[in-house]
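Coordinate analysis (summary)
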Amino acid sequence: QGADAFLQEATLAVPNDGNVRRLAGATKLALGELGAARQNLLAALAQQPEDALASRLLAQTLLQQGEPEEALEELRRQDVTSAASLVLLARTLVSVGNPDEAIELLERNADDGMATRETRLALAGAYAAAGDATALERTLRESVDGDEEDYIAVLALMQSYVRSGDERKARELADSLLEER
């Protein structure tokens, strides 16, 4: 409640400060107050139209509000310069039914130093949405082989095995990881 009161006071004191509005929007987004987040982020962008962070946060808000087309429009206004923006754009593309474009985007940027755990998981999600089980397994297997402590990738790989009807592979993966412990 203290942070909320401070932000309310700050936005009243300097209503035309884009930085304050961006901070208020980010806070409201984190709290799940999507309407207030959207309002503050739109106000921030009205003051600072080139604010890439406010734009990304607005796109994230729109996506969570179930408006992926509007989120995609917002994301296309900016350059993808971070792994977080890349993952959000890819997930938005999948949400609007364009997993092939998401795959192309993620694969193209994987060589540009944006290959993180999150981008690999987003790529796996895009492969799943596109129905490419082989590429999905390969991507998750690479994540698991690179870091066996990456439990999200391990569980996603096991889940993909179970969904494809290959419970034997899921059991073997679990057994091999347990044996190493």
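Residues numbered from 1 in each chain as written. Predicted model: local features only at pLDDT ≥ 70, side-chain atom pairs only at ≥ 80, totals over all residues. Heavy atoms only, no water.

This brings us to the layout of surface pockets. Roughly 350 Å³ of internal volume is contained in the largest pocket. Lining the largest pocket are 19 residues, with Ala128, Leu136, Ala156, Ser160 and Arg163 positioned closest to its centre. Looking at the lining of the largest pocket, the elements with two or more residues in it are helix 8 (117-130), helix 9 (133-146) and helix 10 (151-163). Its residues assigned to classes, the lining of the largest pocket shows nine nonpolar, five polar and five charged. (1 Å grid on protein atoms, 1.4 Å probe; cavity = no way out; pocket = protein on both sides within 12 Å on 5 of 7 lines; lining within 4 Å. Points joined across faces, edges and corners; volume = space filled by probe spheres on them. Helix = DSSP H or I, 4+ residues; strand = E, 2+ residues; numbered from the N terminus. Nonpolar A, V, L, I, M, F, W, Y, C, P; charged D, E, K, R; others polar.)

Moving on to helix 4 (residues 52-64). Between its first and last C-alpha, helix 4 extends 18 Å over 13 residues, near the 18 Å set by a 1.5 Å rise per residue. All of the buried residues along helix 4 are Ala54, Ser55, Arg56, Leu57, Leu58, Ala59, Thr61 and Leu62. Buried residues in helix 4 make contact with helix 2 (18-30), helix 3 (34-47), helix 5 (68-76) and helix 6 (83-95). Between the side-chain oxygen at the start of helix 4 and the backbone nitrogen of Leu53 there is a gap of 3.2 Å, and the oxygen is on Asp51. (Expected span 1.5 Å × (residues − 1). Buried < 20%, exposed > 50% of the residue type's maximum accessible area, 1.4 Å probe, protein only. Contact = heavy atoms within 4.5 Å. Polar contact = N/O pair within 3.5 Å; in protein donor to acceptor, adjacent residues only side chain to side chain.)

Glancing now at the pattern of salt bridges. A full pass over the atoms with the stated rule returns eight salt bridges. In this structure, Arg108 engages Glu104 in a salt bridge whose closest nitrogen and oxygen atoms are separated by 3.4 Å. In this pair, Arg108 and Glu104 both sit in helix 7 (residues 99-114), four residues apart, roughly one turn of the helix. According to the relative accessible area criterion, Arg108 is partly exposed, its value standing at 47%. Across the pair Arg168 and Glu172 runs a salt bridge whose closest N-O atoms are separated by 2.7 Å. On the criterion of helical spacing, the pair formed by Arg168 and Glu172 is a turn pair, its members being four residues apart in helix 11 (residues 167-179). Taking relative accessible area as the criterion, Arg168 reaches 46% and is therefore assigned partly exposed. (Salt bridge = Lys/Arg side-chain N within 4 Å of Asp/Glu carboxyl O.)

A few words now on the side chain of Thr139. When you line up the elements, Thr139 lands in helix 9. Apart from the residues within four sequence positions on either side, Thr139 is in contact with Arg120, Leu123, Ala124 and Tyr127.

As for its placement among the helices and strands, Gln64 is situated in helix 4. Put simply, Gln64 and Leu29 are 35 residues apart on the chain and 9.4 Å apart in space, counted from C-alpha to C-alpha. Setting aside anything within four residues of it in sequence, one finds Gln64 in contact with Leu29 and Leu34.

What follows deals with the packing of helix 5 against helix 6. For any two helices packed against each other, the geometry is given by the interaxial angle and the distance between the axes. Where helix 5 meets helix 6, the axes come as close as 9 Å, and the angle between the chain directions of the two elements is 145°. Crossing angle aside, the handedness with which helix 5 passes helix 6 is left-handed. Residue-level contacts link Pro68, Ala71, Leu72, Leu75 and Arg76 of helix 5 to Leu88, Leu89, Thr92, Leu93 and Ser95 of helix 6. Class assignment of the residues belonging to the contact of helix 5 with helix 6 gives a composition of seven nonpolar, two polar and one charged. (Axes fitted to C-alpha atoms, helices over the stretch in contact; angles between N-to-C directions. Left-handed = near helix turned anticlockwise from the far one by under 90°.)

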